[in-house]
Amino acid sequence: WKRDGDYNMVIRHPLAGLDAAAIAAYPFPQPQAPQRFAEFDRLKAAYGDTHLVGADVSGSIFEPAYHLRGMEELLMDMVCESEEAEVLLEHTMRFSLETALLAIEHGADWIWLGDDLGSQQNMLMSPDCWRRLIKPRMKTLIDGIRARRPDIPIAYHSCGSIRQVVGDLVELGLDLINPLQESARNMNHLEIKAEFGGRITMMCGPDTQDFLLHASPQEVYEKTRQLIRDLGRGGGCIFAVSHTIQCGTPKANIDAMLRALDE
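Figured I'd write up the structure that's included with this text.

Criteria and cut-off values
Residues numbered from 1 in each chain as written. Predicted model: local features only at pLDDT ≥ 70, side-chain atom pairs only at ≥ 80, totals over all residues. Heavy atoms only, no water. 1 Å grid on protein atoms, 1.4 Å probe; cavity = no way out; pocket = protein on both sides within 12 Å on 5 of 7 lines; lining within 4 Å. Points joined across faces, edges and corners; volume = space filled by probe spheres on them. Helix = DSSP H or I, 4+ residues; strand = E, 2+ residues; numbered from the N terminus. Nonpolar A, V, L, I, M, F, W, Y, C, P; charged D, E, K, R; others polar. Buried < 20%, exposed > 50% of the residue type's maximum accessible area, 1.4 Å probe, protein only. Lys, Arg positive; Asp, Glu negative; His and termini not counted. Salt bridge = Lys/Arg side-chain N within 4 Å of Asp/Glu carboxyl O. Contact = heavy atoms within 4.5 Å. Pairing = 2+ DSSP bridges. Right-handed = clockwise from strand over helix to strand, strands pointing away.

## What about the layout of surface pockets?
Right, on to step 1. Looking at the second largest pocket, its volume works out to about 200 Å³.
Right, on to step 2. If you go around the second largest pocket, the residues you meet are Leu-52, Asp-109, Trp-110, Trp-112, Pro-153, Ile-154, Ala-155, Asp-175, Leu-176, Met-203 and Ile-238.
Right, on to step 3. Going through the elements one at a time, β4 (110-114) and β5 (154-157) are the ones with two or more residues in the lining of the second largest pocket.
Right, on to step 4. For the lining of the second largest pocket, a count of residues per class yields 9 nonpolar, no polar and 2 charged.

## With respect to the side chain of Glu-63
Right, on to step 1. Its place among the elements puts Glu-63 in helix α3 (residues 62-69).
Right, on to step 2. Despite being buried, Glu-63 has no salt bridge partner; Arg-3 is the closest side chain of opposite charge, sitting 13 Å away.
Right, on to step 3. If we ignore the near neighbours within four places in the chain, the residues touching Glu-63 are Gly-114, Asp-115 and Asp-116.

## Describing the environment of Gly-114
Right, on to step 1. When you line up the elements, Gly-114 lands in strand β4.
Right, on to step 2. Put simply, Gly-114 and Asp-210 are 96 residues apart on the chain and 23 Å apart in space, counted from C-alpha to C-alpha.
Right, on to step 3. If sequence neighbours within four positions are ignored, Gly-114 has contacts with Val-57, Ser-58, Gly-59, Ser-60, Glu-63, Tyr-156 and His-157.

## What to know about the pairing of β5
Right, on to step 1. The alternating pattern of β5 places Ile-154 and Tyr-156 on one face and Ala-155 and His-157 on the opposite face, and all of these are buried.
Right, on to step 2. Bridge count between β4 and β5: 4 bridges; the pairing is parallel. Opposite Leu-113, over in β5, you have Tyr-156 as the bridge partner.
Right, on to step 3. Here β5 runs beside strand β6 (residues 176-178); their pairing, made up of 3 bridges, is parallel. Counted as the bridge partner of Ala-155 is Leu-176 from β6.
Right, on to step 4. Taking the sense of rotation as the criterion, the β-α-β connection linking β5, helix α8 (residues 163-171) and β6 turns out right-handed.

Right, here's the structure in full:
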């Protein structure tokens, strides 16, 4: 990994070029490593009586696989339905499941799953490819968490244009979906609310990619009020920006959003 601006980027993919047998033999990190939950335990001890403390187990399947294999090579593996894809995706799913179950043992109040599946214009793979290779493993992951603690809320994050599989994610039994990036194609908040709002909680809000950076404070104020009215109707919405607020966002715009929320 290296730091690139405000983000961490993968610069070497250790499983690139390996065959299925070598991938299967590769020594994955141990979910139960003592240091993995040290900070979680500290936060739980300090705030567990007054706050919900969640465990972020994302990327869950696809993202860690392309970090390890490389995006192009993994997508080619998936399109060709190769054994390499099956072995690696099973590896990453099992790692995430074991990590989530350990988080529950450590007292997690909710589990955050996710994989960035979309670009600005479309999914990174076809919906059929996702349904064939990722969706069944997501079901195994979610069902495994539910078997350990049936009532735990499970959230799911994916940036980009993923409208084609939102219904599938709802079907998997998730409690919350985020961020519903409205600046990506076909991700209109109101349309998604109308179709799925009664079955899943939406965690979304003003766009951080363009709107919060360039709108006026008054526009931000009005947009925030509009979103609360439209998406909050009937419940089922947690207000949030579409992603981490980006560096360079005017403070006046953040203040305007918070003022609208307070009111």
